[in-house]
Amino acid sequence: MSEEEFEPTIIAFCCNWCSYAGADLAGTSRIQYPPNVRNIRVMCSGMVHPNMVIEALTKGADGVIICGCHPGDCHYIEGNLRAEKRAEAIDLMLEDFGLEPERFRLEWVSASEGPRFAEVMKDVVESIRELGPSPYR
Amino acid sequence: MEHKRALVVGGGIAGIQASLDLADAGVEVFLLERGPSIGGRMAQLDKTFPTNDCSMCILSPKLVEAGSHPNIKLLTKSELLGLEGEAPRFVAHVRKHPRYVDEDKCTGCGICTTKCPVKIPDPYNVNLDKTRCLHIPFPQAVPGIPVMDASQCIYFKRGKCRVCEKVCPADAIDFTQQPKDIDLEVGAVVLAIGSQEFEARLKDEYGYGTFDNVVTSIEFERMLSASGPTSGHIKRPSDGEEPARVAFLQCVGSRDLQVERAYCSAVCCMQATKHAVILTEHLSGVESCIFYMDIRSYGKGFDRFVDRARDEYGVRFIRSRVSSVEVDPETDDLVLQYAVDGCKLRKEKFNLLVLSVGLCSNPGIEALVRRLDLEPGNHGFLVPSSFRPVDTERVGVYACGTINGPKDIPESVMEASGASSAALCSLAGFPAREVSQRLPPEKDLRAAPPRVGVFVCRCGINIGSVVDVPSVVEYAASLPRVVLAEERLFACSSDSQKTIAEAIQEHDLTRVVVAACTPRTHEPLFQKTMAESGLNPYLFEFANIREHNSWVHQKEPARATEKAKDLVRMAVAKAVRLKPLTKSRLPVTKSALVIGGGVAGMAAALDLSTQRYPVTLVEKDEQLGGHARRLFRSLQGEDVKAFLAQTIRKIESDERISVHLGTEVERIDGYVGNFHTRLSDGSDVDHGVVVVATGGEEYRGKDYLYGQDARVLTQTELEERLGGDGEALQGLESVVMIQCVGSRDEQNPYCSRICCGTALKNALWLLDRDPDTRIFVLCRDVRAYGLMEPRYQEARERGVVFVRYEPDARPQVSNAGGSLQVRLKDEILGEKILLRPDLVVLSTGITARPGNKPLSQSLKVPLDADGFFLEAHVKLRPVDFATDGVFVCGLAHYPKDIGESISQARAAASRAATVLARDEIESEGKIARVDEALCSGCGACTEVCAYGAVKIDADSGLATVNAALCKGCGTCAATCRVGAVDLSGFSDAQLAAVLECF
Ligand code: FES
């Protein structure tokens, strides 16, 4: 890998109601973004257990992003706010595991934000590319 | 009639939607289609604007649903001869023409079609290539049964052949079939008989039929399509070369008095823009150029699409009529001559010319209309009144789609649902038809290890042109537990559903993975196939290799292929661990809440009440009527005041409708079938569905001296004066109207759709009062779409002057020594103009209500970028939300006129009726479950549940989940520290398995 440019692998947990739909819209609008991202559909951003984030990062992902509805828009009232609270815990866990905090992100993407989904993904891929591979890789 | 029964005539998307709505609301439907399969024109389209969604992909699930619905009886190759009786008791005389294939015996294997020796032009591909005389109309056709063209069959011609009969394993070929007449007793009739394309040869100056490289828009649509004659490779007809320069000519057979078509066909501007965009995606570097009179991108998201076409895809838009088309005999290129800047003639060469042919009626359609004792109106369309947009002159007979005038797919779908609601109203006195669909018992899977079948979809070229599908299939076959991996051209077609069902039996599959498009639209289709094959529908997993892969990595096929393999591997890993789930049944509160008492809200309320459902109608003002209270005339000139008064009277005297004036919704809890709402007047309402009809707002700004000079008014203010005593309007010498005020600008980058029509209405009204008034309309495009166009012509004939301005050179209005002055630069002539009008009338746009935001949040439904409510699917679910049981209509959705609001409102009522007609609904199977062996009873999960669905059981001291309350968000599962709570379908083990192998 050393010679070639490092291609990070990103896991994106996308809530079914907003962010997964936003990713679909990026698709129907044919907005291109790098193929480094693997989307995992979840019902709500609030259902992603911190262990899942750590699990992904220790199993070879270079970055993890959770995407949910904007505050106030969560299909389940406030799952996204739970996710936001948990993000702090996740940051601490990253430290314990010797992982940089930049490897995890939480973003809000609505169903009408296809362009934003692509933007966010581009940005994540670029920043992780700069950061380099996960130590667990 | 022992139960509700209706006839739907026409199997295009409108007829299909009307049938599905009626069928879901407990009506037995006969769906009549003249051709051999349903699908209509939409089945021939490659993509749909403005999202460029794949047309067949979104249509196919509807075809399958209509073809397999227990309440729908398809009658293909059938025509309506006549209709006797009166509503609600009609007898329809139907003739079923021979197909020469026994529909009951045929299995659709298609062997006969491969052996038939006669080749004929393929009607599905508008004769651009050949099919067999005995053929299945198209791969996704429903019914997927061959049809014979008897006029071409050599057995019928010469008495010899019958090869098909010999090879048919089911003994289904029947040369003796004769036309069969059937009488059907029905209570209501929905006409969805559509329209056809304009015959391009009638405009021979454009060379269609003479020059090889001139094609029509529908031919081009087939050329773009992966299932078309060239498999989606654009080749020009003369030499098979890829064109480098393509021109699109708008308004061929539209807005053209020479061919007696005074109307606008409403869809061609967007269709051509779509074509130009897709063309650029197919052939990078291609130059495309659209010649137009006005770009009529008046629908939701249309202007943005046109902007993208221009700015990102480099499509050239040229406002000019092409005066001649000549051919270069050496190269077969076409030389177009057109005027620029009003006078100079320019010639330009193109390799291919696409004629945007309009939509029109035809003698066959008109004859059918007459057989029903109806009179075809203007240009052969039915042209209903604005206030009764889906009614015909005959009570009990309703009409929808392009028979009512040219329109696009979502509007046809809205009207279809609207017509369904009208039919439901007239069938209200009959009992619903109970159907219990018998499903085979579910396979017992306890002992057996999972056996996974993987189906990878090419989606025509949508996936196949980027992802190397065969290598994904090969890879999938190598994965553990996968016993079968196959590819499909279109996995969603009815034919594929059949083969998947067969594969489940043959290979004893216990898990199915489909790698195709998005589960958000297509999961239910495959789950249904699973259920019908005796597999629990939750043993299904989707890999999205289209929206999340091939469409967003178009330039990186190798990496997209790798990603597709990863996604398939992840899906298989999850599938192996899926468990069967059961749904619980919940009762439905059979009543509705309608929010908003304007025209739309009242129309929805009246329909639901007529269908015998109690309605709570909430209006924030102290009066019913909404914005229409300020109107006098509809765009067509009908009397709005009288209509409104009559409607309000009906509402007030309706015992099933309880009206809450001066009231707003405070909070809404619950879910489809079981909502509980607190209103601001303190009352609590239980209801099963919600209709959002909260309207829009008139744009208010300080532009053009508005609010500073009393002679500057909005169109609504002008109308109030015109409709009032008109005192202030005496002695007007000249009036200037300014279009697109607060529309199509940075702040509101969309078209408000009704302002051009309103300007025409009021201009003509002013002229009715005083024919000498000089009227100038300062505009960008005149969007007098559809049947509104003749009013634009009338206005011009009566002396209204239309002056174009460019967005960066807006008119300037000033007060010069007490008199109003308007200055602008004419875009076409390039001249500076100075006007001194007595009045300046601003055609102000419609904006979204700020109140949409909090309401959308309490309903858990999304808004679009402009603040209007965002429907579940812009094409096929125009009044639904992804959240079940909530519907939208009227200006809350997007600007529209009264007729469009009413048909959308009736559509919302129809969709709502599909919920209210049921006694029970099934809850989501994916709910939280507690592993009691692991639970410590700490109670963390109970604190995070927003629905109060998780409780600590007093006896056991452990967490328990109330299945009726749980919405399946999984927050509790993510909170549990010991991993005792799992969301079914997303358990820790399942997700961990996915993370094991990305
Ligand atoms: S549903 Fe999107 S974050 Fe909760």
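Read on for an overview of the structure. Residue indices follow the written sequence of each chain, beginning from 1 at its first position. Working convention: letters from A go to chains and numbers from 1 go to ligands, in the order in which they are written. The predicted nature of this model means local features are confined to residues of pLDDT at least 70 and side-chain atom pairs, given and counted, to a pLDDT of 80 or more, with totals for whole chains, interfaces and linings taken over all residues. Excluding hydrogens and water, the side-chain figures rest on all heavy atoms present in the structure.

### A few points about the overall build of chain A
Under the convention used in this document: A helix here means a DSSP run of H or I that spans at least four residues, while a strand means a run of E at least two residues long, and both kinds are numbered starting from the N terminus. Within these notes, the globule rule equals 2.2 Å times the number of residues to the 0.38 power, and the radius of gyration is based on C-alpha atoms.
Per the secondary structure count, chain A includes four helices and four strands. Put simply, chain A runs from its N terminus to its C terminus through helices and strands in the order β-α-β-α-β-α-β-α. Its C-alpha atoms give chain A a radius of gyration of 14 Å, within 12% of the compact-globule value 14 Å for 137 residues. Referenced to the eigenvectors of the C-alpha coordinate spread, the extents of chain A come out at roughly 40 × 35 × 15 Å.

### With respect to the overall build of chain B
Basically, it comes down to this: Residue burial is assigned from relative accessible area. The probe radius is 1.4 Å, only protein chains are included, and a residue is buried under 20% of its type maximum, exposed over 50%, and partly exposed in between. By definition in these notes, contact holds between two residues if any of their heavy atoms fall within 4.5 Å. For this count, His and the chain ends are skipped, Lys and Arg are scored as positive, and Asp and Glu as negative. By convention, the charge on Lys lies at NZ, on Arg at CZ, on Asp at CG and on Glu at CD.
Along its length, chain B carries 25 helices and 52 strands. Compactness check: chain B gives a C-alpha radius of gyration of 30 Å against a globular reference of 30 Å for 998 residues, within 12% of the reference. Referenced to the eigenvectors of the C-alpha coordinate spread, the extents of chain B come out at roughly 90 × 80 × 60 Å. For chain B, buried positions account for 62% of its 998 residues. Taking the contacts inside chain B whose residues are at least 6 apart along the sequence as the reference set, 70% of them involve residues at least 24 apart. Between the mean site of the 118 positive side-chain charges and the mean site of the 134 negative ones, chain B shows a separation of 2 Å.

### Remarks on the side chain of Asp-333 of chain B
Following the sequence through the fold, Asp-333 of chain B ends up in the loop between strand 19 (322–327) and strand 20 (334–340). Residue Asp-333 of chain B is classed as buried on the basis of its relative accessible area, which comes to 10%.

### Some details on the interface of chain B and chain A
Where we set the bar: In this description, buried area is defined as the sum, over both parts, of the accessible area (probe of 1.4 Å) that is lost when the two are combined. Salt bridges are defined as contacts in which a side-chain nitrogen from Lys or Arg sits within 4 Å of a carboxyl oxygen from Asp or Glu. Ten residue types, Ala, Val, Leu, Ile, Met, Phe, Trp, Tyr, Cys and Pro, are classed as nonpolar, four, Asp, Glu, Lys and Arg, as charged, and the remainder, Gly among them, as polar.
On the side of chain A, 52 residues touch chain B, which itself brings 58 residues to the contact. When chain B packs against chain A, the two sides together hide about 4600 Å² of surface, and 58% of this comes from carbon and sulfur. Together, His-548, Leu-995 and Phe-998 of chain B form the three largest contributors to the area buried by chain B at its contact with chain A, with a combined 15%. At the surface where chain B touches chain A, the tally comes to six salt bridges. Mapped onto the side of chain B that touches chain A, the elements with two or more residues apiece are helix 13 (519–532), helix 14 (546–550), helix 15 (557–576), helix 21 (852–859), helix 23 (940–944), helix 24 (971–975) and helix 25 (988–996) of chain B. Sort the elements by how many residues they give to the side of chain B that touches chain A and helix 25 of chain B lands first, with six residues. Of the residues belonging to the side of chain B that touches chain A, the class tally is 24 nonpolar, 14 polar and 20 charged.

### Description of unusual backbone geometry
All names here are of chain B. Following Phe-49, the chain continues into Pro-50 via a peptide bond in cis, with omega recorded as -5°. You can see Pro-50 is positioned in the loop between strand 3 (47–48) and strand 4 (53–54). The backbone of Ser-231 sits at a positive phi, close to 55°, despite the residue not being glycine. For Ser-231, the position within the fold is in the loop between helix 6 (217–224) and strand 16 (245–252). Despite not being glycine, Lys-860 shows a phi value in the positive range, around 65°.

### With respect to the pairing of strand 1 (residues 10–15) of chain A
Residue and element names in this part refer to chain A. What counts is decided by this rule: Criterion used throughout: strands pair if DSSP finds at least two bridges between them.
Across the six residues of strand 1, six count as buried, placing the element largely inside the fold. The alternating pattern of strand 1 places Ile-10, Ala-12 and Cys-14 and Ile-11, Phe-13 and Cys-15 on opposite faces, both of which are buried. Here six bridges tie strand 1 to strand 2 (residues 37–42), and the two strands are oriented parallel to one another. Within the sheet, the bridge partner assigned to Ile-10 lies in strand 2 and is Val-37. Sheet topology places strand 1 next to strand 3 (residues 63–68); five bridges connect them, and they run parallel. The residue bridging Phe-13 from the neighbouring strand is Ile-66, located in strand 3.

### A word on the packing of helix 2 (residues 50–58) of chain A against helix 25 of chain B
The following threshold applies: For every element, the axis is a line fit to its C-alpha atoms; helices are fit only across the contacting stretch, and the angle between N-to-C directions ranges from 0 to 180 degrees. Reported orientations rely on four angle classes, namely roughly parallel under 35 degrees, roughly antiparallel over 145, roughly perpendicular from 65 to 115, and oblique for the rest. Two helices that cross are described as forming a left-handed crossing if the nearer one is turned anticlockwise from the farther one by less than a right angle, and a right-handed crossing if clockwise.
Between helix 2 of chain A and helix 25 of chain B, the least distance of the axes is 9 Å, while the angle of their chain directions is 20°. By the angle between their directions, the pair helix 2 of chain A and helix 25 of chain B is classed as roughly parallel. Considering how the two elements wind past one another, helix 2 of chain A and helix 25 of chain B form a crossing that is right-handed. Judged by residue contacts, Met-52, Glu-55 and Ala-56 of chain A of helix 2 of chain A engage Asp-988, Leu-991, Ala-992 and Leu-995 of chain B from helix 25 of chain B. Looking at the contact of helix 2 of chain A with helix 25 of chain B residue by residue, the classes come out as five nonpolar, no polar and two charged.

### Brief notes about the pairing of strand 16 of chain B
Residues and elements named next belong to chain B. When you tally the buried positions in strand 16, you get eight out of eight residues, the bulk of the element. Strand direction decides the pairing type here: strand 16 and strand 17 (residues 287–292), joined by five bridges, are parallel. Looking at the pairing, Val-246 lines up with Ser-288 of strand 17. Strand direction decides the pairing type here: strand 16 and strand 22 (residues 352–357), joined by five bridges, are parallel. The residue of strand 22 that forms the bridge with Ala-247 is Leu-353.

### Regarding the sheet that holds strand 12 (residues 180–186) of chain B
All names here are of chain B. Ordered in space as 6-7-12, the three strands form an open sheet in which the pairing is antiparallel. Each having just a single partner strand, strand 6 (78–86) and strand 12 make up the two edges of the open sheet. Along the sheet, successive strands turn relative to each other by an average axial angle of 20°, direction set aside. Alignment of strand 7 (residues 89–96) against strand 12, held across seven bridges, turns out to be antiparallel. Among the inter-strand pairings, His-93 is bridged to a residue of strand 12, identified as Asp-183.

### A short note on the packing of aromatic side chains
Selection rule: Working definition: rings of Phe, Tyr and Trp (its six-membered ring) pair if their centres are within 6.5 Å, and the pair is stacked with planes under 30 degrees apart, edge-to-face with planes over 60 apart, and tilted otherwise. Two conditions define a charge sitting above a ring: the NZ of Lys or the CZ of Arg must be within 6 Å of the ring centre, and it must be within 35 degrees of the ring normal.
Tallying each qualifying case throughout the model produces 24 aromatic pairs over all chains. Aromatic side chains Tyr-33 of chain A and Phe-117 of chain A sit 5.6 Å apart centroid to centroid with 70° between the ring planes, which places their arrangement in the edge-to-face category. Separated by 84 residues along the polypeptide, Tyr-33 of chain A in the loop between helix 1 (19–28) and strand 2 and Phe-117 of chain A in helix 4 (residues 114–131) bring together distant segments of the chain. By the burial criterion, Tyr-33 of chain A is buried, and Phe-117 of chain A matches it. Ring geometry for Phe-526 of chain B and Phe-540 of chain B: centres 5.6 Å apart, planes at 10°, overall stacked. In this pair, Phe-526 of chain B is assigned in helix 13 and Phe-540 of chain B in strand 28 (residues 540–544), connecting sequence segments 14 residues apart. Overall, Phe-526 of chain B belongs to the buried group, its relative accessible area being 4%. The ring of Trp-551 of chain B has Arg-30 of chain A sitting right over it, with the charged end atom 3.8 Å from the ring centre.

### Details of the environment of Leu-679 of chain B
Residue and element names in this part refer to chain B. Structurally, the position occupied by Leu-679 is in strand 34 (residues 674–679). C-alpha of Leu-679 to C-alpha of Arg-667: the two residues are 12 residues apart in sequence and 7.1 Å apart in space. Leave out the neighbours within four places in its chain, and Leu-679 touches Thr-616, Val-618, His-660, Thr-663, Glu-664, Val-665, Glu-666 and Val-685.

### Here we look at the nonpolar core
Test applied: As used here, the term nonpolar core means buried Ala, Val, Leu, Ile, Met, Phe, Trp, Tyr and Cys residues forming a set that is joined through side-chain atoms within 4.5 Å.
Ranked by internal contacts, the top residues of the largest apolar core, which has 87 residues, are Ile-11, Phe-13 and Ile-40 of chain A together with Val-454, Val-512, Val-514 and Phe-526 of chain B. Examining the composition of this core, we find that 10 residues originate from one element, helix 15 of chain B, more than from any other. The contacts of Phe-526 of chain B, once residues within four sequence positions are left out, are Ala-491, Cys-492, Gln-497, Ile-500, Val-514, Phe-540 and Phe-542 of chain B.

### Looking at the packing of helix 10 (residues 409–426) of chain B against helix 22 (residues 898–916) of chain B
Residue and element names in this part refer to chain B. Here helix 10 crosses helix 22 at 65°, and the two axes come no closer than 7 Å. Handedness of the crossing formed by helix 10 with helix 22: left-handed. Taken together, the residues of helix 22 that come into contact with helix 10 (itself represented by Glu-411, Met-414, Glu-415, Ser-417, Gly-418, Ser-420, Ser-421, Ala-422, Leu-424 and Cys-425) are Glu-900, Ser-903, Gln-904, Arg-906, Ala-907, Ala-909, Ser-910, Arg-911 and Ala-913. Of the residues that constitute the contact of helix 10 with helix 22, the class distribution is seven nonpolar, seven polar and five charged.

### Let's talk about the sheet that holds strand 30 (residues 592–595) of chain B
Residues and elements named next belong to chain B. Strand order in the open sheet formed by five strands is 32-31-30-36-47, and the pairing between neighbours is parallel. A single partner strand is all that each edge strand has here, and the edge strands are strand 32 (657–660) and strand 47 (886–888). In this sheet, adjacent strand axes meet at a mean angle of 20° when their direction is disregarded. Sheet topology note: the strand 30/strand 31 (residues 615–618) ladder contains four bridges and is parallel. In the sheet register, Val-594 faces strand 31, and the bridge partner there is Leu-617. Sheet strands touched by helix 16 (residues 599–610): strand 30, strand 31, strand 32 and strand 36 (689–692). Its angle to strand 31, the strand with the most contacts, is close to 170°. Along the sheet, helix 22 makes contact with strand 30, strand 36 and strand 47, crossing strand 47 at roughly 170°.

### A short note on a negative patch on the surface
Keep this limit in mind: By definition, no residue in a patch forms a salt bridge, and every one has over 30% relative accessible area; like charges are joined within 9 Å, nonpolar side chains (Val, Leu, Ile, Met, Phe, Trp, Tyr) within 5 Å. Surface accessibility follows the Shrake-Rupley procedure with a 1.4 Å probe radius. Residue values consider only the protein chains on display as shielding.
On the surface, Glu-84, Glu-88, Asp-91, Glu-95 and Asp-96 of chain A cluster together to form a negatively charged patch. Relative to the assigned elements, Asp-91 of chain A resides in helix 3 (residues 79–96).

### A short note on the side chain of Gln-793 of chain B
On the secondary structure map, Gln-793 of chain B appears in helix 20 (residues 789–797). In this structure, Gln-793 of chain B is in contact with Arg-255, Leu-257 and Ala-262 of chain B, ignoring residues within four places of it in sequence.

### A look at the pattern of salt bridges
Counted according to the given criterion, the structure contains 91 salt bridges over all chains. Arg-82 of chain A is the partner of Glu-78 of chain A in a salt bridge, and the nearest nitrogen-oxygen pair spans 3.5 Å. Residue Glu-78 of chain A is classed as partly exposed on the basis of its relative accessible area of 31%. The salt bridge involving Arg-849 of chain B is made with Glu-697 of chain B; its shortest N-O contact spans 3.2 Å. One end of the pair, Arg-849 of chain B, is in the loop between strand 46 (846–848) and helix 21; the other, Glu-697 of chain B, is in strand 37 (residues 696–698), with 152 residues separating them in the sequence. Within this structure, Arg-255, Asp-294, Arg-296, Asp-303, Arg-319, Arg-744, Asp-781, Arg-783, Glu-789 and Arg-804 of chain B form a network of salt bridges that share partners.

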